Amino acid sequence: MNFIEFLQSVGRSILDGIRRNKLPASLSVVAVVLTTAFALTSDFDERPRYRRFILPEIEKTENQFVEAMRQAEEEPREPWRMLYFLAGHRLAKKALRVIRSERPMTTGGRKAQAELVLYYELVDEELAIIRTAMSNNDAYDYIGEWKRTNAELLPIRERWLKWLTAGAPIQ
């Protein structure tokens with residue numbers, strides 16, 4: 001018996017089993033079709049799961065970053081101001097690592113998460129540029145530059161926040 005004859009024998013056996021068990025076979029086909037249709041067309045909302053399991057860790061690192069940058073803005077003494085600013089940059093990198101480590105399940109969640117990742121990638125890049133300018137110019141207004149840059153970048157983060165709070169799809 002060669003391989004082709006073996007496949008023909010298996011095919012005949014399957015067809016014979018279907019002919020003898022028409023009702024169970026047809027019900028199985030209907031179940032597979034319906035399950036596939038529901039799985040492909042369901043609009044699963046993962047935001048409650050996201051808020052419960054993913055968001056707390058993201059909020060924790062974001063709050064640390066925002067607090068360090070706020071302290072840098074409010075600190076009147078220059079050495080401390082710069083240290084808070086440098087700590088803020090380090091915490092922005094940490095936030096980026098945490099956000100990248102989380103994986104939403106739905107397409108909308110992945111798009112929203114990508115917006116937040118993009119925001120922190122750009123924040124990291126801009127803070128690195130500001131740090132370079134700080135090292136070249138002692139009188140550089142790095143806090144003012146950070147505020148201007150962050151104001152430009154916040155709409156990217158707002159798209160993630162919009163998905164999280166209102167459930168609007170990310171365009």
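Just so it is clear, the model here is predicted, and its values are computed rather than measured. (Residues numbered from 1 in each chain as written. Predicted model: local features only at pLDDT ≥ 70, side-chain atom pairs only at ≥ 80, totals over all residues. Heavy atoms only, no water.)

1. Remarks on the packing of aromatic side chains
Here comes step 1: The full count for this structure, using the stated rule, is six aromatic pairs.
Here comes step 2: Between Tyr50 and Trp163 the ring centres are 5.1 Å apart and the planes differ by 90 degrees, which places this aromatic pair in the edge-to-face class. Of this pair, Tyr50 sits in helix α3 (residues 47–74) while Trp163 sits in helix α6 (residues 142–166), placing them 113 residues apart in sequence.
Here comes step 3: Take Tyr50: its relative accessible area is 0%, and that puts it in the buried class.
Here comes step 4: Ring centres of Phe65 and Trp146 lie 5.8 Å apart, and the angle between their planes is 85 degrees; on these two criteria the pair is classed as edge-to-face. (Phe/Tyr/Trp six-rings, centres within 6.5 Å; stacked < 30°, edge-to-face > 60°. Helix = DSSP H or I, 4+ residues; strand = E, 2+ residues; numbered from the N terminus. Buried < 20%, exposed > 50% of the residue type's maximum accessible area, 1.4 Å probe, protein only.)

2. A short note on helix α2 (residues 22–41)
Here comes step 1: Look at α2: 28 Å from first C-alpha to last across 20 residues, which is about the 28 Å you get at 1.5 Å a residue.
Here comes step 2: By the criterion of burial, α2 is predominantly exposed, with just zero of the 20 residues buried. (Expected span 1.5 Å × (residues − 1).)

3. Quick word on the side chain of Arg157
Here comes step 1: Assignment of secondary structure puts Arg157 in helix α6.
Here comes step 2: Residue class for Arg157 comes out buried when judged on its relative accessible area of 17%.
Here comes step 3: Here the side chain of Arg157 touches Glu62 through a polar contact of 2.8 Å, side chain to side chain.
Here comes step 4: Setting aside anything within four residues of it in sequence, one finds Arg157 in contact with Glu62, Leu116 and Tyr119. (Polar contact = N/O pair within 3.5 Å; in protein donor to acceptor, adjacent residues only side chain to side chain. Contact = heavy atoms within 4.5 Å.)

4. Remarks on the nonpolar core
Here comes step 1: In this structure, Phe65, Phe85 and Tyr120 are the most contacted members of the largest nonpolar core, which totals 32 residues.
Here comes step 2: Those elements giving two or more residues to this core turn out to be α3, α4 (78–101), α5 (107–136) and α6.
Here comes step 3: Considering every element that reaches this core, the biggest residue donor is α5, with nine residues.
Here comes step 4: Those residues in contact with Phe85, other than ones at most four positions away along the chain, are Met69, Ala72, Leu127, Ile130, Arg131, Met134, Tyr142, Ile143 and Trp146. (Core = buried A, V, L, I, M, F, W, Y, C linked by side-chain atoms within 4.5 Å.)

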